[in-house]
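Fold and contact review
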Amino acid sequence: MPGIITVGLDGTEHSLAAADWAAAEARRRGMALSLVFAWVWRPSDFPVASDAEVQRRWAVDVLREAEERVTASAPDLAVTTQLLPEDPVPALTAAASVSEMLVLGSRGHGALAGFLIGSVALKVLRRVDAPLVLVRTSHGQEPRPEWGEVVVGVQDTDEAAAPVLEFAFATAAARGARVRAVRAWSVPPVFAWSPGSMYLADEAGGLEPLERERLAEALRPWREKYPQVAVVEHTELGSAAEVLLTHAARASLIVVGRRLPELGDLPLIGSVTHAALHHAQCPVAVVPHP
């Protein structure tokens, strides 16, 4: 049974952009596309919009428009639509749990302002256990080529990096694109050094060669699994967010991680992921990992 890519619609231009992106991705990966609209009737101060049936018909029209839009460009794509009678956050979170990824739209307002992440998207991002892709509208800018690089930020080099790297390599393989793996590093304070870490750095010939070795080792299993994917490895001393965004200037997709909270912890978004979501000029995939 093929996997499912789910798109959350809300009747805005950027949610239609998300549907376009998800349809193209589903076609490349041989997956089905699910278009959902989470809707709960609430009385309004405006009589025209306060009627429940009027609101319901509008939501159905949004779903129909999106379905017609994606099937026009991909008539062989398996598409389903669903009106979910519940609040958006729990509805989208539940939909993501049975999907390969969830795709949402996010307003883009140029290079300086970056993304404007709505409250629903932000709440969903903190709760989902599947990859979430945020897609912005171009606002008159030249569209990004789908075959551009898939840029992945590699902060962890142990098993925690596996879901993030798996997503990046699978996406690049489906597109016939190259992966650019970016790892930023900094000089640790003296008190953080241990005899073991000093030995590793000495054996590698210094901190920079050690970081290159760590990145190469983290990528090795995925190079073996996806031998058809060309890879560029980049390590650089500096701020992780700045290094990632600098090397993602021509990317078609940025892939970053979000650590799943331990039991009782608050669901937080890391500084690198936060920067990518607010300043990237291309879609951003946020992949949960342990």
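Described in the following lines is the structure provided in the data block. (Residues numbered from 1 in each chain as written. Predicted model: local features only at pLDDT ≥ 70, side-chain atom pairs only at ≥ 80, totals over all residues. Heavy atoms only, no water.)

1. A few points about the pattern of salt bridges
Between side chains of opposite charge, a pair can form when the charged atoms approach closely. One pass over the full model with this rule turns up 17 salt bridges. Arg28 is paired through a salt bridge with Glu25; the nearest N and O atoms lie 2.6 Å apart. One end of the pair is Arg28 and the other is Glu25, both in helix H1 (residues 13-29) and three residues apart, which spans about a single turn. Judged by its relative accessible area of 24%, Arg28 is partly exposed. (Salt bridge = Lys/Arg side-chain N within 4 Å of Asp/Glu carboxyl O. Helix = DSSP H or I, 4+ residues; strand = E, 2+ residues; numbered from the N terminus. Buried < 20%, exposed > 50% of the residue type's maximum accessible area, 1.4 Å probe, protein only.)

2. Topic: the packing of aromatic side chains
Applying the stated criterion to the full structure yields two aromatic pairs. On the basis of an interplanar angle of 85° and a centroid distance of 5.4 Å, the ring pair of Phe37 and Trp58 is categorised as edge-to-face. Of this pair, Phe37 sits in strand E2 (residues 32-38) while Trp58 is found in helix H3 (residues 52-73), placing the two residues 21 residues apart along the sequence. Given the relative accessible area of 5%, Phe37 is considered buried. Cation over ring: Arg29 sits above Phe167, and NZ or CZ is 5.3 Å from the ring centre. (Phe/Tyr/Trp six-rings, centres within 6.5 Å; stacked < 30°, edge-to-face > 60°. Lys NZ or Arg CZ within 6 Å of the ring centre and 35° of its normal.)

3. A short note on the environment of Ile254
Turning to its location among the elements, Ile254 is positioned in strand E10 (residues 253-259). Leave out the neighbours within four places in its chain, and Ile254 touches Val151, Leu244, Leu245, Ala248, Ala280, Cys282, Pro283, Val284 and Ala285. (Contact = heavy atoms within 4.5 Å.)

4. Digging into helix H7 (residues 162-175)
An ideal rise of 1.5 Å per residue puts 20 Å on 14 residues; H7 measures up with 20 Å between its terminal C-alpha atoms. If you check which residues of H7 are buried, you get Val164, Leu165, Phe167, Ala168, Phe169, Ala170, Thr171, Ala172 and Arg175. Trailing H7 by a residue or two, Gly176 shows a phi angle of about 70°, which is positive. (Expected span 1.5 Å × (residues − 1).)

5. Observations regarding the pairing of strand E8 (residues 179-185)
Most of E8 is tucked away: six of the seven residues are buried. Direction of pairing for strand E7 (residues 150-153) relative to E8: parallel, over a ladder of four bridges. Of the residues in E8, the one forming a bridge with Gly153 is Val182. For the crossover that starts at E7, traverses H7 and ends in the parallel E8, the hand is right-handed. Here seven bridges tie E8 to strand E9 (residues 231-237), and the two strands are oriented parallel to one another. Bridging from a neighbouring strand, Ala184 pairs with Glu236 of E9. (Pairing = 2+ DSSP bridges. Right-handed = clockwise from strand over helix to strand, strands pointing away.)

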